[in-house]
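Per-entry structural report
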Amino acid sequence: LVQSFIPIEIRRLFLKYKHGRYRRKYVGPMRLIILSHTADEQAGCIPELRTNETGRNGTAQPFVFSSSDDYNRGFYHCDWFNGRLTAHELVHAVDMVVRQLIDPCFMLQLDTVFNTAKQSGAYPSNVYAMSDRHEYLAEIVTVFLNMPPKELFDAGFKNKNDLKEKDVSGYNFVSRWFLEPMHSLPVLDVFKKYKGYL
């Protein structure tokens, strides 16, 4: 999954990422941690943290957390594609790495793209992607990867072609920073009832 959409140059920079603003003890590198749902592992159980933090999904610099149940179809959220949550969280990591080590104006550019998308009316105002620029980026990358969240699927963003057609600025921004998938991922049973997926 990681190799399929994050360019090698950015993945290498994960090793150079340093963050110490509010977790001075845990400055880097940026890394993905998959926590076990069967063992009920929580974010705070990892050796670097040892805190009372709960949850298995999220980004807490320099850690990106995901749950092993993200790969068990239908177990955690029946309307997610396998790996969609992990891809979403990894986009937040890429966002931080790019801002720190490649282009400090990344967020300014994303602001413009996000505001264009909001004003276009292509997205329903109540979808998670419209909550802020960070979630917009993470959600449209999952569409770009052909594994959209159900609410964007229902809004007509079923795959990267729909993204390219309905949100040209978003598509162009994403394709500048992420690798375009050369595959189609299997559709979950919950989506099989929808026609015209890919």
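As shown above, the structure is provided for reference.
Residues numbered from 1 in each chain as written. Predicted model: local features only at pLDDT ≥ 70, side-chain atom pairs only at ≥ 80, totals over all residues. Heavy atoms only, no water.

**Description of the overall build of the chain**
- Per the secondary structure count, the chain includes nine helices and three strands.
- If you list the helices and strands of the chain from N to C, you get α-α-β-β-β-α-α-α-α-α-α-α.
- Counting every position in the chain, which comprises 198 residues, the buried fraction comes to 48%.
- A sequence separation of at least 24 residues applies to 61% of the contacts in the chain between residues at least 6 apart.
- Carbon and sulfur atoms provide 51% of the accessible area of the chain, an area that totals close to 9700 Å². (Helix = DSSP H or I, 4+ residues; strand = E, 2+ residues; numbered from the N terminus. Buried < 20%, exposed > 50% of the residue type's maximum accessible area, 1.4 Å probe, protein only. Contact = heavy atoms within 4.5 Å. Areas by Shrake-Rupley, 256 points an atom, 1.4 Å probe, with all protein chains shown as cover.)

**Brief notes about the pattern of salt bridges**
- On inspection of all chains with the given rule, the structure shows six salt bridges.
- The residue Arg56 makes a salt bridge to Asp40 at a minimum N-O spacing of 3.1 Å. Of the two residues, Arg56 sits in the loop between strand 1 (31-35) and strand 2 (58-60) while Asp40 sits in the loop between strand 1 and strand 2, which places them 16 residues apart along the sequence.
- Among the residues examined, Arg56 registers a relative accessible area of 15% and is labelled buried.
- Note that Asp111 and Arg133 form a salt bridge whose closest N and O atoms lie 2.8 Å from each other. Taken as a pair, Asp111 in helix 4 (residues 106-120) and Arg133 in helix 5 (residues 133-144) lie far apart in primary sequence, 22 residues in all.
- Of the residues examined, Asp111 reaches a relative accessible area of 23% and is grouped as partly exposed. (Salt bridge = Lys/Arg side-chain N within 4 Å of Asp/Glu carboxyl O.)

**A closer look at the pairing of strand 3 (residues 63-67)**
- For strand 3, the tally of buried residues reaches five of five residues, placing the bulk of the element in the interior.
- Residues Phe63, Phe65 and Ser67 line one face of strand 3 and the alternating positions Val64 and Ser66 line the opposite face, and both faces are buried.
- Pairing geometry for strand 1 and strand 3, over five bridges, is parallel. Bridging across to strand 3, Ile34 finds its partner in Ser66.
- Here strand 2 runs beside strand 3; their pairing, made up of three bridges, is antiparallel. When the sheet's bridge partners are listed, Ala60 is paired in strand 3 with Phe63.
- Between strand 2 and strand 3, which pair antiparallel and follow one another directly, the connecting turn spans two residues. (Pairing = 2+ DSSP bridges.)

**Brief notes about the sheet that holds strand 1**
- If you trace the three strands from one edge of the open sheet to the other, you get 1-3-2, paired in mixed fashion. Unpaired on one side and paired on the other, strand 1 and strand 2 mark the two borders of the sheet. Strand-to-strand twist across the sheet, computed as the mean angle between neighbouring axes with direction ignored, equals 25°.
- Contacts between helix 3 (residues 84-101) and the sheet are confined to strand 1, strand 2 and strand 3, with strand 3 contributing the most and set at about 175° to the helix. (Axes fitted to C-alpha atoms, helices over the stretch in contact; angles between N-to-C directions.)

**Looking at a nonpolar patch on the surface**
- There is a patch of nonpolar side chains on the surface, built from Leu1, Ile34 and Tyr71 and spanning about 250 Å² of accessible area.
- Secondary-structure assignment places Tyr71 in the loop between strand 3 and helix 3.
- Accessibility expressed as a relative area gives 36% for Tyr71, which makes it partly exposed. (Patch = residues over 30% accessible without salt bridge, like charges linked within 9 Å, V, L, I, M, F, W, Y side chains within 5 Å.)

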